[in-house]
Amino acid sequence: MNRQSLKLSMEIARVHLVSKPKQTIVAMLGVTFGIGMFIALVSLMTGLNNFTEELTMTASPDIHIYQEETSSRKSILEEINPDGLNLVYHQKPKNETTKIRNAREIARLINLDARVLGTSPLVSSQVFYNYGPVQLNGTILGVDILDEDKLFDLRSKMKAGRLEDLLSNHNGLIMGKGLAKKLNVALGDRVVVTTPLGTTITLKILGIFQIGIGVVDNVRSYANISTVQTILQKDQSYITDINVKLKDRNLAPLVASELQSKFIYKSEDWQAANATYLTGSMIRNIITYAVSFTLLIVAGFGIYNILNMTIYNKMKDIAILKAMGFAGVDVKNIFMIQSLVIGFLGGIAGLVIGYGLSFLISKAPFNGGDIISLDHFPVNFDPMYYVVGIVFGVSTTAVAGYMPSRKASKVDPIEILRGQ
Amino acid sequence: MEPILTTKGVNKFFYEPEKFQVLKSIDLTVNKGEFLSLVGKSGCGKSTLMYVLSTMDTDYEGELQIAGQRLTGKSQNELAAFRNAHIGFVFQFHYLLPEFSVLQNVMIPALKLNRYSRKEIEERAMTKLKMLGIDEHARKASSKLSGGQQQRVAIARALINDPDIIMGDEPTGNLDSYNTQLVFDIFSELTHTYKQTIIAVTHDDEFANKSDHRVEMSDGRIVKS
Ligand SMILES: Nc1ncnc2c1ncn2[C@@H]1O[C@H](COP(=O)(O)OP(=O)(O)OP(=O)(O)O)[C@@H](O)[C@H]1O
Ligand SMILES: [Mg+2]
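Bear in mind that the values here come from a model prediction, so they are computed numbers and not experimental data.

Asker: Can you explain the overall build of chain A? Please cite residues and give values.
Answerer: A count of helical and extended segments in chain A gives 16 helices and 10 strands. Scaling as 2.2 N^0.38, a compact globule of 420 residues should have a C-alpha radius of gyration of about 22 Å, whereas chain A reaches 33 Å, well beyond that. Principal axes of the C-alpha set define a box for chain A whose edges measure 105 × 65 × 40 Å. In chain A, of all internal contacts separated by at least 6 residues, the share reaching a separation of at least 24 is 76%. In the form shown here, chain A has an accessible surface area of approximately 21300 Å², with 60% of it arising from carbon and sulfur atoms.

Asker: With reference to specific residues and values, describe the overall build of chain B.
Answerer: Counting its regular elements, chain B contains 7 helices and 10 strands. On C-alpha atoms alone, chain B measures out to a radius of gyration of 17 Å, which is about the 17 Å that the 2.2 N^0.38 rule sets for 225 residues. Along the longest, intermediate and shortest principal axes, the C-alpha atoms of chain B span 50 × 40 × 40 Å. Residues classed as buried in chain B amount to 56% of the 225 residues present. Of the contacts formed within chain B by residues at least 6 apart in sequence, a portion of 70% connects residues at least 24 apart. Total accessible area computed for chain B in this model is approximately 9800 Å², and 46% of it derives from carbon and sulfur atoms.

Asker: Can you lay out the pairing of strand β6 (residues 190–194) of chain A for me, pointing to particular residues and giving the numbers?
Answerer: Residue and element names in this part refer to chain A. As paired strands, strand β2 (residues 116–131) and β6 are joined by 3 bridges and run antiparallel to one another. Looking at the pairing, Tyr129 lines up with Val193 of β6. If you look at the hairpin formed by β6 and strand β7 (residues 200–209), you'll find 5 residues sitting between the two strands, and Gly198 has a positive phi there, around 100°.

Asker: Got a sec to walk through the pattern of salt bridges? Specific residues and values, please.
Answerer: Going through the model one piece at a time under the given rule, you end up with 19 salt bridges over all chains. Linking Lys314 of chain A and Glu99 of chain B is a salt bridge whose minimum nitrogen-to-oxygen distance equals 2.2 Å. Separated into two different chains, Lys314 of chain A in the loop between α12 (275–313) and α13 (315–323) and Glu99 of chain B in the loop between β6 (87–91) and α3 (102–113) make up a pair that spans both. Given a relative accessible area of 7%, Lys314 of chain A falls into the buried group. A salt bridge links Lys12 of chain B to Asp57 of chain B, with the nearest nitrogen and oxygen atoms 3.1 Å apart. Here Lys12 of chain B, found in strand β1 (residues 3–14), pairs with Asp57 of chain B, found in the loop between α1 (46–53) and β4 (61–66); they are 45 residues apart in sequence, far enough to count as distant. One exposure class covers both Lys12 of chain B and Asp57 of chain B, and it is buried. Put simply, Asp113, Arg115 and Glu258 of chain A are held in one network by salt bridges that share partners.

Asker: Summarise the packing of aromatic side chains; cite the residues concerned and give the values.
Answerer: Enumeration according to the criterion identifies 10 aromatic pairs over all chains in this entry. A ring pair is formed by Tyr355 of chain A and Phe359 of chain A, whose centres lie 6.4 Å apart and whose planes are at 20°; its orientation type is stacked. In this pair, Tyr355 of chain A and Phe359 of chain A are both assigned in helix α14 (residues 328–363), 4 residues apart and thus about one turn of the helix distant. Exposure remark for Tyr355 of chain A: the relative accessible area of 44% places this residue in the partly exposed category. Sitting above the plane of the Phe326 of chain A ring, Lys112 of chain B keeps its charged end 5.6 Å from the centroid.

Asker: Which residues make up the domain arrangement of chain A, and what values go with them?
Answerer: Domain boundaries assigned for chain A yield domain 1 (3–57 + 277–417) and domain 2 (98–269). The C-alpha centroid of domain 2 of chain A is placed 52 Å from the C-alpha centroid of domain 1 of chain A.

Asker: Just give me the short version of the pairing of strand β10 (residues 221–224) of chain B, but keep the residues and values in it.
Answerer: Residues and elements named next belong to chain B. Here 3 bridges tie strand β9 (residues 213–218) to β10, and the two strands are oriented antiparallel to one another. Looking across to β10, one finds that Glu216 is bridged to Lys224. Here β9 hands over to β10 after 2 residues, with Asp219 in that stretch at a positive phi of 55°.

Asker: Quick rundown of the interface of chain A and chain B? Include the residues and the values.
Answerer: Counting residues at the interface gives 28 residues for chain A, matched by 26 residues for chain B. In total, chain A and chain B occlude about 2600 Å² of area from one another, counting both sides; carbon and sulfur atoms represent 64% of this. Linking Asp330 of chain A and Lys112 of chain B is a salt bridge whose minimum nitrogen-to-oxygen distance equals 2.7 Å. On the surface where chain A and chain B come into contact, there are 8 residue pairs in polar contact (both at pLDDT 80 or more). Looking at the side of chain A that touches chain B, the elements with two or more residues in it are α1 (2–19), α13, α14 and α16 (413–419) of chain A.

Asker: Just give me the short version of the site of ligand 1, but keep the residues and values in it.
Answerer: Close to ligand 1 lie 14 residues, the nearest being Ser42, Lys46, Ser47, Thr48 and His203 of chain B. Neighbouring residues of ligand 1 are not confined to one chain but are distributed across chains A and B. Within the contact set of ligand 1, an oxygen atom lies 2.6 Å away from a side-chain nitrogen or oxygen of Ser42 of chain B. Here Lys46 of chain B contributes a side-chain N or O atom positioned 2.7 Å from an oxygen atom of ligand 1. In the complex, the protein chains occlude 67% of the 630 Å² of accessible area that ligand 1 would expose alone.

Asker: Could you give an account of the nonpolar core, with specific residues and numbers?
Answerer: Counting residues in hydrophobic clusters, the biggest one holds 90 residues, and the most contacted among them are Leu5, Leu53, Ile155, Met167 and Phe187 of chain B. With 7 residues, α3 of chain B is the single largest residue contributor to this core. Non-local contacts of Ile155 of chain B, meaning those with residues more than four positions away in its chain, are made with Val90, Leu132, Val183, Ile186, Phe187 and Leu190 of chain B. The next biggest cluster of nonpolar side chains, apart from the first, holds 43 residues, and it includes Ala103, Ile106, Leu136 and Met175 of chain A.

Asker: Give me the packing of helix α2 (residues 21–59) of chain A against α12 of chain A: which residues, what numbers.
Answerer: All names here are of chain A. Orientation of α2 relative to α12, taken along the N-to-C sense of each, is 175°, at an axis distance of 9 Å. The angle between the axes of α2 and α12 places the two elements in the roughly antiparallel class. Classifying every residue of the contact of α2 with α12 by side-chain character gives 19 nonpolar, 12 polar and 2 charged.

Asker: Hey, could you go over helix α15 (residues 383–409) of chain A for me, with residue numbers and the actual values?
Answerer: Residues and elements named next belong to chain A. Helix length check: α15 (27 residues) gives 38 Å between terminal C-alpha atoms against 39 Å at 1.5 Å per residue, within 8%. Along α15, the sharpest change in direction is near 35° and occurs at Tyr402; proline Pro404 comes one to four residues later. For α15, the side-chain oxygen to backbone nitrogen distance between the N-cap and Met384 is 2.9 Å, and the N-cap itself is Asp382.

Asker: Any chance you could break down the sheet that holds β1 of chain B for me, citing the residues and the numbers?
Answerer: Residues and elements named next belong to chain B. Read from one edge to the other, the open sheet built from 4 strands follows the order β2-β1-β4-β5, with strand pairing classed as antiparallel. At either margin of the open sheet sits one strand with a lone partner, and together these are β2 (20–31) and β5 (69–70). In the sheet, β4 pairs with β5 via 2 bridges, with the strands oriented antiparallel. From the neighbouring strand, Gln65 faces β5, where its bridge partner is Arg70.

About the cut-offs
Residues numbered from 1 in each chain as written. Chains lettered and ligands numbered in written order. Predicted model: local features only at pLDDT ≥ 70, side-chain atom pairs only at ≥ 80, totals over all residues. Heavy atoms only, no water. Helix = DSSP H or I, 4+ residues; strand = E, 2+ residues; numbered from the N terminus. Rg over C-alpha atoms; globule rule 2.2 N^0.38 Å. Contact = heavy atoms within 4.5 Å. Areas by Shrake-Rupley, 256 points an atom, 1.4 Å probe, with all protein chains shown as cover. Buried < 20%, exposed > 50% of the residue type's maximum accessible area, 1.4 Å probe, protein only. Pairing = 2+ DSSP bridges. Salt bridge = Lys/Arg side-chain N within 4 Å of Asp/Glu carboxyl O. Phe/Tyr/Trp six-rings, centres within 6.5 Å; stacked < 30°, edge-to-face > 60°. Lys NZ or Arg CZ within 6 Å of the ring centre and 35° of its normal. Domains from an automatic or database assignment. Buried area = accessible area lost by both parts, 1.4 Å probe. Polar contact = N/O pair within 3.5 Å; in protein donor to acceptor, adjacent residues only side chain to side chain. Near = heavy atom within 4 Å. Core = buried A, V, L, I, M, F, W, Y, C linked by side-chain atoms within 4.5 Å. Axes fitted to C-alpha atoms, helices over the stretch in contact; angles between N-to-C directions. Parallel < 35°, antiparallel > 145°, perpendicular 65-115°, else oblique. Nonpolar A, V, L, I, M, F, W, Y, C, P; charged D, E, K, R; others polar. Expected span 1.5 Å × (residues − 1). Bend = angle between axes of the 7 residues up to and from the residue.

Okay, structure coming up:
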């Protein structure tokens, strides 16, 4: 009985929709546009977010352990005479070493943790690179290149040369692509490296890598730990940083705080290190959803209007249907079905258009310049967003259609029939 | 004679713009197979009474009974289902659904009732259309028919569920004399041949005088029955 009534309501709804094709299509286009833009926007935004996140991840370790340089400290006077009236002018910072004591032992202990995938102790230093007349500021990292590879998959980032060559050559260097380009050097060239202490060393370029972001590729090179220790005139136990990679990157804040309280040294997780980037990606997401939501609301108002107009024009039909024995709910169904069909078909068309737009965007050439190595837009084709899109679209039209449909169900047939 | 519709002491008030009694203790009995016409001066309350009898208006005092069922106090949904099965309507402005064909218009109340299969309903609808002489227009859009033809479609639609009673508020009010005569003849035949009960409001004295039972109203009362 009820199913038959629903079928009849569907049939009437269908006739209403096809007898006014222009109006139906305009209503659908509103939804199509909203969903299409949502898909295109969200695909591009999340694509970009994922891409930059990936890059950031390749460039920063899950946890970075280092000696934090203390900027202010108590004067000796204050320590001896804590309650006195002490005045110390122009106190200079203490010449503290950035060395991590027992670094290799700490790295070994961290490695024992089941959540840890690998560690890489290293020596880092600011240096000048000289090649001919060109002098550039940068950093040099003394690493065990195989450990570092395990953490950052350097092997796949090599543009020239091989990682293994560094193992056998103590006067070698693997240089970032951007840095090499600025220095105008190629594989096999020799560059002079000057430390802040004034010592210099000549190193041969054994490889060139490209991680993909300017802040790394334009300043960094890798050498062996002993090489960097030598130019810094330090002993073999001198280690300035430990990089840690976890099995689950999301545990980083937890593990970092554990490590910090255990080993005292500053342990920074990637979330903290990339707070600006994470905020940026969150804001991009908010904008995407806000814009799409606005578009859908506008489409919803369109449907609301069109349905209201239809119902206004169909007052007599509604009255006659009610006189003939249609209950309020049957009348409501007629119009709810119309708005749901508009929402669903418009939404499906929106998904197709959204996919088309995303596809075109993913093929569009885009030059990331020196900052990011990118030749076209990264686009995310995650089907989840298509599900979100259609659910979003159909619910908007359901909400927009509900009020006019309810109004139609409440129409008093006598008022309409008497009015004639 | 078997009564099919009875009212007892029906009063109705309108409160806008001021309190005003539009129906005054209406006691009416309509027998099965009777062709009843309701006449009276404009504004005397004929339409208002028809809406009460049709069960669409529930805001009245007194009692209404159709086909042995007491309808006073029933819910809107129950009344809608009752109308669907027991009452057929013919309005002054034929009120066909313009997007549907003639045949579909006639079929809709039967599809709603869901007593027969779709195929049977279609056959029954064609029979009714044939009876009214408009079966050749069955597939046409309902809006493409003349006024008289549309009114006959409306009658076919009113008949489709074999209602206990057909109600019409000035069913010929919008028709010329030729079509008025045609509708009158159809109503006569329905009552005499098929024992169909019909109540029709009319301003047409000739129409009323030819009916079986002429009920006259004045100022909210039945004055001649
Ligand atoms: N909704 C309403 N509110 C207030 N008064 C109403 C309403 N509907 C009708 N009336 C009044 O009730 C009285 C009866 O109206 P009704 O429509 O029943 O008359 P009628 O006999 O059908 O007239 P006509 O022959 O012109 O159709 C009239 O005075 C009318 O003005
Ligand atoms: Mg009237």
